[in-house]
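Topology and contacts: notes
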Amino acid sequence: MADLAKKVDHLVSEILLKAENQHELLFGDCQSGVNLTNTQEHILMLLSQERLTNSELAKQLNVSQAAVTKAVKGLIAQDLLVSVKDTKDARISYFDLSDLAKPIADEHLHHHHATLGVYDDLVEQFSTEDQAVIDHFLEVFINRLER
């Protein structure tokens, strides 16, 4: 049993190293040639799907508003985002993608789908019974993390 615990610990450590400062773990690298953080790419993807404010982005990404502000400023500086004031309440700003940003957002969404495909391939290597055990383990593990 101790060996399995060590393997879980090693897996978690590897995931943290790979995802450090990215707030997500994806398979594949951005091919756009634009120097963006994973968080910035994720912001572009989210904004390609719906119009969001800074605080809404922070909530969806589970990061601070300051982190989103920094990422958004970098995207605006690279002409990938445009800040737009709400027509009914000028205190509220939304962000629109520029034409340059749309392919990057699409590519990031593709990486999300590819990552889920990798996970599906991994899970399919196990029997239905094994998958039930894995599912139970993940539920217990997530519950423990959220305490």
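Keep in mind it's a predicted model, so treat the numbers as computed, not measured. (Residues numbered from 1 in each chain as written. Predicted model: local features only at pLDDT ≥ 70, side-chain atom pairs only at ≥ 80, totals over all residues. Heavy atoms only, no water.)

What follows concerns the packing of helix H2 (residues 38-49) against helix H4 (residues 65-77). Relative orientation of the contacting elements H2 and H4 amounts to 80°, with a least axis distance of 10 Å. One element, H2, and the other, H4, form an angle in the roughly perpendicular class. Residue-level inspection shows Gln 40, Ile 43 and Leu 44 of H2 in contact with H4, the latter providing Val 68, Ala 71, Val 72, Gly 74 and Leu 75. Classifying every residue of the contact of H2 with H4 gives 6 nonpolar, 2 polar and no charged. (Axes fitted to C-alpha atoms, helices over the stretch in contact; angles between N-to-C directions. Helix = DSSP H or I, 4+ residues; strand = E, 2+ residues; numbered from the N terminus. Parallel < 35°, antiparallel > 145°, perpendicular 65-115°, else oblique. Contact = heavy atoms within 4.5 Å. Nonpolar A, V, L, I, M, F, W, Y, C, P; charged D, E, K, R; others polar.)

Turning next to the confidence of the model for the chain. Per-residue confidence for the chain averages 87 on the pLDDT scale, and 90% of its residues sit at or above 70. Taking the mean pLDDT of every element in the chain, the minimum, 79, falls on helix H1 (residues 2-19) and the maximum, 94, on H4. (pLDDT = per-residue confidence, 0-100.)

This next bit is on the pattern of salt bridges. Tallying each qualifying case throughout the model produces 3 salt bridges. Taking the shortest distance from any N to any O, the salt bridge between Asp 89 and Arg 91 comes out at 2.8 Å. Its relative accessible area of 73% is what places Arg 91 among the exposed residues. For the salt bridge of Lys 102 with Asp 99, the shortest nitrogen-to-oxygen distance reads 3.3 Å. Residue Asp 99 is classed as exposed on the basis of its relative accessible area, which comes to 62%. (Salt bridge = Lys/Arg side-chain N within 4 Å of Asp/Glu carboxyl O. Buried < 20%, exposed > 50% of the residue type's maximum accessible area, 1.4 Å probe, protein only.)

Compared with an ideal rise of 1.5 Å per residue, which puts 23 residues at 33 Å, helix H5 (residues 101-123) spans 33 Å between its outermost C-alpha atoms and is within 8% of the ideal. For H5, the set of buried residues is Ala 101, Ile 104, Ala 105, Glu 107, His 108, His 111 and Thr 115. Buried residues along H5 sit in contact with H2 and strand E2 (93-97). (Expected span 1.5 Å × (residues − 1).)

Once that is clear, we can look at the packing of aromatic side chains. How two aromatic rings sit relative to each other is given by the distance of their centres and the angle of their planes. A full pass over the atoms with the stated rule returns 1 aromatic pair. Ring geometry for Phe 137 versus Phe 141: centroids 5.7 Å apart, planes at 20°, classification stacked. With Phe 137 and Phe 141 both in helix H6 (residues 128-145), this residue pair falls 4 residues apart, about one helical turn. Residue classification places Phe 137 among the partly exposed positions, given a relative accessible area of 41%. (Phe/Tyr/Trp six-rings, centres within 6.5 Å; stacked < 30°, edge-to-face > 60°.)

Let us now look at the nonpolar core. Ile 43, Leu 44, Leu 47, Leu 57, Val 68 and Leu 81 are the most contacted members of the largest nonpolar core, which totals 22 residues. Secondary structure elements with two or more residues in this core: H2, helix H3 (54-61), H4, E2 and H5. Ignoring any residue separated from it by four or fewer positions in sequence, one finds Leu 57 in contact with Ile 43, Leu 46, Leu 47, Leu 52, Val 68, Val 72 and Phe 95. (Core = buried A, V, L, I, M, F, W, Y, C linked by side-chain atoms within 4.5 Å.)

Here E2 lies mainly inside the structure; 4 of its 5 residues are buried. Pairing between strand E1 (residues 81-85) and E2: 5 bridges, direction antiparallel. Looking at the pairing, Leu 81 lines up with Leu 97 of E2. (Pairing = 2+ DSSP bridges.)

Counting through the fold element by element, Ser 98 comes out in the loop between E2 and H5. At a separation of 2.7 Å, a polar atom in the side chain of Ser 98 contacts the main-chain carbonyl oxygen of Asp 79. Those residues in contact with Ser 98 that sit more than four places away from it in its chain are Asp 79 and Leu 80. (Polar contact = N/O pair within 3.5 Å; in protein donor to acceptor, adjacent residues only side chain to side chain.)

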